[in-house]
Amino acid sequence: MLKRLTFVCVTLCVAIVATLVAARHSTGNTISFEEPLSVYIAIGLIVFLFLPPLVLSFFEHPVLKIVNVIYQSLIVFSFVGLIPVGFLIPNGSSTIIVAVLGTVASLASVIVATRSTTFQPVLK
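Residues numbered from 1 in each chain as written. Predicted model: local features only at pLDDT ≥ 70, side-chain atom pairs only at ≥ 80, totals over all residues. Heavy atoms only, no water.

A few points about the overall build of the protein chain
Scanning the protein chain from N- to C-terminus turns up five helices and zero strands. Moving toward the C terminus, one meets the helices and strands of the protein chain in the order α-α-α-α-α. Contacts in the protein chain between residues far apart in sequence, at least 24 positions, make up 64% of those at least 6 positions apart. In the structure as shown, the protein chain presents an accessible area of about 7,800 Å², 77% of it carried by carbon and sulfur atoms. (Helix = DSSP H or I, 4+ residues; strand = E, 2+ residues; numbered from the N terminus. Contact = heavy atoms within 4.5 Å. Areas by Shrake-Rupley, 256 points an atom, 1.4 Å probe, with all protein chains shown as cover.)

Below, the structure is given as structure tokens:
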């Protein structure tokens, strides 16, 4: 349980860092530090979206672990989708680095959650 919770928290921190990097390198009508309310709202939304994996990491039931793995795999896809975006924006090297770190952290979280899922036969 502690490993699952730790990896979800690390992935949450990387997602927040990705938001801050996006705010630093804002282009056009996007999130920027000139409007701090939009940054706060984006970080709050990220924390809200990470609440289900945080809560699900406390439980030991196999079905809940599988739901947690499916939810976290969606997070993996979002970080993987951020990598090509880093190539398209000017000065996107920091975005690529954060996206790769997020992909690695979220993949590690999925692997830890998958490995901890053990299917015990039901004995009657």
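Looking at the nonpolar core
Formed by 13 residues in total, the largest nonpolar core has its most connected members in Leu12, Ala15, Ile46, Phe50, Leu54, Phe79 and Val98. Elements with a minimum of two residues in this core: helix H1 (2–24) and helix H4 (62–88). Tallying contributions element by element places H1 first for this core, with seven residues. Among residues more than four places away in sequence, those in contact with Leu54 are Leu5, Val8, Cys9 and Leu12. (Core = buried A, V, L, I, M, F, W, Y, C linked by side-chain atoms within 4.5 Å. Buried < 20%, exposed > 50% of the residue type's maximum accessible area, 1.4 Å probe, protein only.)

Observations regarding the side chain of Ser106
Along the chain, the position of Ser106 falls in helix H5 (residues 93–115). Accessibility expressed as a relative area gives 2% for Ser106, which makes it buried.

Observations concerning H4
Since the α-helix packs 3.6 residues into each turn, any two residues three or four apart lie on the same face. Here H4 contains 27 residues, and its C-alpha end-to-end distance of 40 Å stays within 8% of the 39 Å for a straight helix at 1.5 Å per residue. Every buried residue belonging to H4 is among Lys65, Asn68, Val69, Gln72, Ile75, Val76, Phe79 and Gly86, and all of these are buried. Taken together, the buried residues of H4 touch H1, helix H3 (51–56) and H5. (Expected span 1.5 Å × (residues − 1).)

A closer look at the packing of H1 against helix H2 (residues 36–49)
Between H1 and H2, whose axes approach to 10 Å, the crossing angle comes to 160°. With respect to their mutual orientation, H1 and H2 come out roughly antiparallel. Viewed along their axes, H1 and H2 form a crossing whose handedness is right-handed. In contact with Leu12, Ala15, Ile16, Thr19, Leu20 and Ala23 of H1, H2 contributes Val39, Ala42, Ile43, Ile46 and Val47. Along the lines of polarity and charge, the residues of the contact of H1 with H2 split into 10 nonpolar, one polar and no charged. (Axes fitted to C-alpha atoms, helices over the stretch in contact; angles between N-to-C directions. Parallel < 35°, antiparallel > 145°, perpendicular 65-115°, else oblique. Left-handed = near helix turned anticlockwise from the far one by under 90°. Nonpolar A, V, L, I, M, F, W, Y, C, P; charged D, E, K, R; others polar.)

Observations regarding the side chain of Thr19
Relative to the elements of secondary structure, Thr19 occurs in helix H1. Judged by its relative accessible area of 11%, Thr19 falls in the buried class. Sequence-distant contacts of Thr19, that is, excluding residues within four places in its chain, are made with Ile31, Ala42, Ile43 and Ile46.

Things to note about the state of the cysteines
A full pass over the atoms with the stated rule returns zero disulfides. Free of any disulfide, Cys9 has its nearest neighbouring cysteine sulfur in Cys13, separated by 6.8 Å. (Disulfide = S-S within 2.5 Å.)

Section: a nonpolar patch on the surface
A surface patch of nonpolar side chains, about 450 Å² in accessible area, is lined by Leu45, Val47, Phe48, Leu49 and Leu51. The element contributing the most residues to the nonpolar patch is H2, with four residues. Its place among the elements puts Leu51 in helix H3. (Patch = residues over 30% accessible without salt bridge, like charges linked within 9 Å, V, L, I, M, F, W, Y side chains within 5 Å. Salt bridge = Lys/Arg side-chain N within 4 Å of Asp/Glu carboxyl O.)

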